[in-house]
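Letter by letter, the chains look like this.
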Amino acid sequence: MTKILNATGRRPDGAAFIIAAVLAALGGLLIWQGRAIPDKGGYAGIGSGDLPVFVGAGLVLLAAGHVVKGLRNAEPPLPRQQPVPILLIVGGLALQLILLKPLGFSIASGLLFASTAAAFGKTRVVVTLPIGIIFALIVYGVFDQLLQLNLPAGVPETLIFGG
């Protein structure tokens, strides 16, 4: 079996081709569905189907760029993924989703902040958890007090913001 090599003497990047295929398929779907929407361009001549066509064309262009990058593959091989940081972030997201209603926004988001910080090497939860909760309380205050949008309230939110 012969290896296919590009001009730099390296094999083409298969992952770039897979990403290109997904982008091209999604872009083609958007263009097809956008053209199926009845045209009601009105005054400006732009209808409701034009935005999906525009986004789909952008995705097809991105797919073409990925094909070119896959053929060039001038960069050195990517380092191997580390599963522990990815699991910490995904676990933090899952923990936030599970604890959002029972504990409230600030505690659930503080735990997400702490787990994401641990994924990036900051393992002192005693420091990162309070910082995450404080940031989440600020975000909660902006959403609840300024924007009048409701987020799930827990004990800290009730004590600080009432309600």
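Structural notes on the overall build of the chain
Moving on, step 1. Helix and strand counts for the chain come out as 6 helices and 0 strands.
Moving on, step 2. Helices and strands appear in the chain in the N-to-C order α-α-α-α-α-α.
Moving on, step 3. In the chain, buried positions account for 24% of the 163 residues.
Moving on, step 4. Partitioning the contacts of the chain with sequence separation of at least 6, the portion at a separation of at least 24 is 55%.
Moving on, step 5. Here the chain displays about 11600 Å² of accessible surface, and carbon together with sulfur accounts for 73% of that area.

Thoughts on the side chain of Ser106
Moving on, step 1. Along the chain, the position of Ser106 falls in helix H4 (residues 105-119).
Moving on, step 2. The class for Ser106 is buried, based on a relative accessible area of 0%.
Moving on, step 3. Ignoring any residue separated from it by four or fewer positions in sequence, one finds Ser106 in contact with Ile133, Ala136, Leu137, Pro156 and Glu157.

With respect to the packing of helix H1 (residues 14-36) against helix H2 (residues 50-72)
Moving on, step 1. Two elements in contact, H1 and H2, have axes whose closest approach is 7 Å; the angle formed by their N-to-C orientations is 160°. Overall, the two elements H1 and H2 adopt an arrangement that is roughly antiparallel. When the axes of H1 and H2 are compared, the crossing they make is left-handed.
Moving on, step 2. Classifying every residue of the contact of H1 with H2 gives 19 nonpolar, 6 polar and 1 charged.

A short note on the environment of Leu26
Moving on, step 1. In this fold, Leu26 is placed in helix H1.
Moving on, step 2. The spacing of Leu26 and Ala63 is 37 residues in sequence and 9.8 Å in space, taken between C-alpha atoms.

As for H1
Spacing of three or four residues puts side chains on the same side of an α-helix, whose turn is 3.6 residues.
Moving on, step 1. For H1, spanning 23 residues, the distance from its first C-alpha to its last is 33 Å, which sits close to the expected 33 Å at 1.5 Å a residue.
Moving on, step 2. Burial in H1 covers these residues: Ala16, Ala20, Leu23, Gly27 and Gly34.
Moving on, step 3. In this structure, the buried side of H1 is in contact with H2.

With respect to H4
Moving on, step 1. For H4, spanning 15 residues, the distance from its first C-alpha to its last is 21 Å, which sits close to the expected 21 Å at 1.5 Å a residue.
Moving on, step 2. Looking only at H4, the buried set comprises Phe105, Ser106, Ala108, Ser109, Gly110, Leu112, Ala114, Ser115, Ala117 and Ala119.
Moving on, step 3. Looking at the buried positions of H4, the neighbouring elements they touch are helix H3 (83-103), helix H5 (125-146) and helix H6 (155-161).
Moving on, step 4. Where H4 terminates, the next one or two residues include Gly121, which has phi positive at roughly 105°.

What about the confidence of the model for the chain?
Moving on, step 1. Averaged over every residue, the pLDDT of the chain is 87; residues scoring 70 or more account for 88%.
Moving on, step 2. Looking at the elements of the chain, mean pLDDT is at its lowest for H6, recorded as 86, and at its highest for H4, recorded as 95.

Scoring rules and cut-offs
- Residues numbered from 1 in each chain as written.
- Predicted model: local features only at pLDDT ≥ 70, side-chain atom pairs only at ≥ 80, totals over all residues.
- Heavy atoms only, no water.
- Helix = DSSP H or I, 4+ residues; strand = E, 2+ residues; numbered from the N terminus.
- Buried < 20%, exposed > 50% of the residue type's maximum accessible area, 1.4 Å probe, protein only.
- Contact = heavy atoms within 4.5 Å.
- Areas by Shrake-Rupley, 256 points an atom, 1.4 Å probe, with all protein chains shown as cover.
- Axes fitted to C-alpha atoms, helices over the stretch in contact; angles between N-to-C directions.
- Parallel < 35°, antiparallel > 145°, perpendicular 65-115°, else oblique.
- Left-handed = near helix turned anticlockwise from the far one by under 90°.
- Nonpolar A, V, L, I, M, F, W, Y, C, P; charged D, E, K, R; others polar.
- Expected span 1.5 Å × (residues − 1).
- pLDDT = per-residue confidence, 0-100.

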